[in-house]
Amino acid sequence: MAREREGRGLGALRAGAAPAVLLLCAAGLLAAPPASAAAAGGCAGKLVKSLPFAGGEVRVYKSRTQACAAAVADAPGARRPMAVSVQPRGGVPLRDTGQFTRYAGPVTVGAISRCVYVKGSIGAGSAESGWILC
C-alpha cells in the first residue's frame, strides 16, 4: 500500500511539473536578451571605453590577451547598416558589417601589448577611437 501511494505521488509530481518546465523552457527560448547583454556576451574582458554617437555607441572591451568591440544601437528596430572594426597596431582590421537590428560585432583581435584602432557606425552616425589601449 505504501508503494502504491509513493507511485501515485511521483506520477502526480511528474504530470504537474512537466507542463511548468516546458513553459519555462519555451519562455527562455523566445525571450531575447537586451542588446547590451547580447553585445557584451560575445566580448571577454572589462568594458574600458564607450564611444557614443547619434544612434548608438561603440563599446570596447579588454582582457589580458584580447581587445573586442561591438557597435550597439540605442534602440533596436528595423534592419539598418551597421559596422564595427578593430585593427591592432601593425595588423589588418577585422570587421563585421551588414544589415542588423541591434548590434554589429563583436569583433575580437589579439592585443597583447598592442594598441588598437576601433571604428563603428550605425546608419549615418559613426565614431572612431584613435589608437587606444596602448
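Per an unreviewed UniProt entry, the protein goes by the name Secreted protein and belongs to Streptomyces toxytricini.

Caption draft 1: Quick look at the overall build of the protein. Counting its regular elements, the protein contains 2 helices and 8 strands. Going from the N terminus to the C terminus, the protein shows its helices and strands as α-α-β-β-β-β-β-β-β-β. Among the 134 residues that make up the protein, the fraction classed as buried is 31%. Put simply, of all contacts in the protein between residues at least 6 apart along the chain, 47% involve residues at least 24 apart. Approximately 8,000 Å² of the protein is accessible, and the part contributed by carbon and sulfur atoms is 59%.

Caption draft 2: Expanded view of the packing of aromatic side chains. One pass over the structure, following the stated rule, counts 1 aromatic pair. A centroid spacing of 5.4 Å and a plane angle of 65 degrees characterise the contact between Tyr117 and Trp131, whose relative ring orientation is edge-to-face. Of this pair, Tyr117 sits in strand S7 (residues 116–122) while Trp131 sits in strand S8 (residues 125–132); the two residues are 14 residues apart in sequence, bridging distant segments of the chain. Across from the ring centre of Trp131, 4.4 Å away, lies the NZ or CZ of Arg89, which sits over that ring.

Caption draft 3: Representation of the sheet that holds strand S3 (residues 66–73) within the structure. If you trace the 4 strands from one edge of the open sheet to the other, you get S1-S2-S3-S6, paired in antiparallel fashion. Two strands bound the open sheet, and with one partner strand each, they are strand S1 (46–53) and strand S6 (103–110). The average angle at which neighbouring strand axes cross in this sheet is 15 degrees, direction not considered. Pairing of S1 with strand S2 (residues 56–62) involves 7 bridges; the strand directions are antiparallel. Along S2, the bridge assignment pairs Ser50 with Arg59.

Caption draft 4: Inspection of the nonpolar core at higher detail. Val58, Val84, Val86, Val116 and Val118 are the most contacted members of the largest nonpolar core, which totals 20 residues. Every element with two or more residues in this core is listed here: S1, S2, S3, strand S4 (80–88), S6, S7 and S8. Among the elements that take part in this core, S3 stands out by supplying 4 residues, more than any other. Setting aside residues no more than four positions away along its own chain, Val118 makes contact with Val58, Val60, Ala69, Ser85, Val86, Ala127, Glu128, Ser129, Gly130 and Ile132.

Reading the values: the criteria
- Residues numbered from 1 in each chain as written.
- Predicted model: local features only at pLDDT ≥ 70, side-chain atom pairs only at ≥ 80, totals over all residues.
- Heavy atoms only, no water.
- Helix = DSSP H or I, 4+ residues; strand = E, 2+ residues; numbered from the N terminus.
- Buried < 20%, exposed > 50% of the residue type's maximum accessible area, 1.4 Å probe, protein only.
- Contact = heavy atoms within 4.5 Å.
- Areas by Shrake-Rupley, 256 points an atom, 1.4 Å probe, with all protein chains shown as cover.
- Phe/Tyr/Trp six-rings, centres within 6.5 Å; stacked < 30°, edge-to-face > 60°.
- Lys NZ or Arg CZ within 6 Å of the ring centre and 35° of its normal.
- Pairing = 2+ DSSP bridges.
- Axes fitted to C-alpha atoms, helices over the stretch in contact; angles between N-to-C directions.
- Core = buried A, V, L, I, M, F, W, Y, C linked by side-chain atoms within 4.5 Å.

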